[in-house]
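Read off the chains here:
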Amino acid sequence: MKAFLNQLFDYNFDCNKRLIEAFGKTDEISEKSKMLFSHILNAHHIWNNRILKKPIKFEVFQMHPQDTWEDIHYENQRTTFEIITGAEDFDQRIDYETTQGRLFTNALKDILFHIINHSAHHRGQISMNMRDNDQEPLPMDYIRYKR
């Protein structure tokens, strides 16, 4: 389980890193894409901190300056790898409170997979937004990453 989760988070890291690099080469990033990418970073941070029972520093839709994306992304990745490395039971239940104040509990493995799935979903939205703005989106399929 650890090896597979590490592979998924390597893939997630690579996709986000390539987006950061591509966006760094253009001045034509739509506000929607900036908002979506900030949201990806925020959600990853929020879930890491829920798992670790640490204070959450970012709001769900908080916008980040583009020059901070790489540092936030790296910290999210580092923290997740610490979580995976230190986990002894991926079925462990994690209690957390949503941003609306509702209490839930989910298995650690499900939360970790959610981070990957959530990020991929919003990267897809960024790709559509790029197409809508006559830009070619990056290929970010998992199988392409594994080739």
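Data block above holds the structure.
Since the structure is predicted, the reported quantities are computational estimates derived from the model, not experimental observations.

The rules we used
Residues numbered from 1 in each chain as written. Predicted model: local features only at pLDDT ≥ 70, side-chain atom pairs only at ≥ 80, totals over all residues. Heavy atoms only, no water. Helix = DSSP H or I, 4+ residues; strand = E, 2+ residues; numbered from the N terminus. Expected span 1.5 Å × (residues − 1). Buried < 20%, exposed > 50% of the residue type's maximum accessible area, 1.4 Å probe, protein only.

J.: It is not clear to me how helix 2 (residues 31–52) should be interpreted in this structure. Could you clarify?
T.: Helical geometry: 3.6 residues make up each α-helical turn, so side chains three or four residues apart lie on a common side. The first and last C-alpha atoms of helix 2 sit 31 Å apart over 22 residues, in line with the 32 Å expected at 1.5 Å per residue. Of all 22 residues in helix 2, 17 are buried, a share of seventy percent or more. In the segment just after helix 2, Lys-53 is the residue with positive phi, at about 60°.

J.: Hey, could you run me through unusual backbone geometry in this one?
T.: With the exception of glycine, most residues fall at negative phi, and the peptide bonds are largely trans. Phi at Lys-53 takes a positive value of approximately 60°, unusual for a residue other than glycine. Its place among the elements puts Lys-53 in the loop between helix 2 and helix 3 (69–86). Exposure remark for Lys-53: the relative accessible area of 55% places this residue in the exposed category. Of note in the backbone geometry, Asp-134 takes a positive phi value of approximately 60° without being a glycine. Looking at where Asp-134 falls in the secondary structure, it is placed in the loop between helix 4 (108–132) and helix 5 (142–146).

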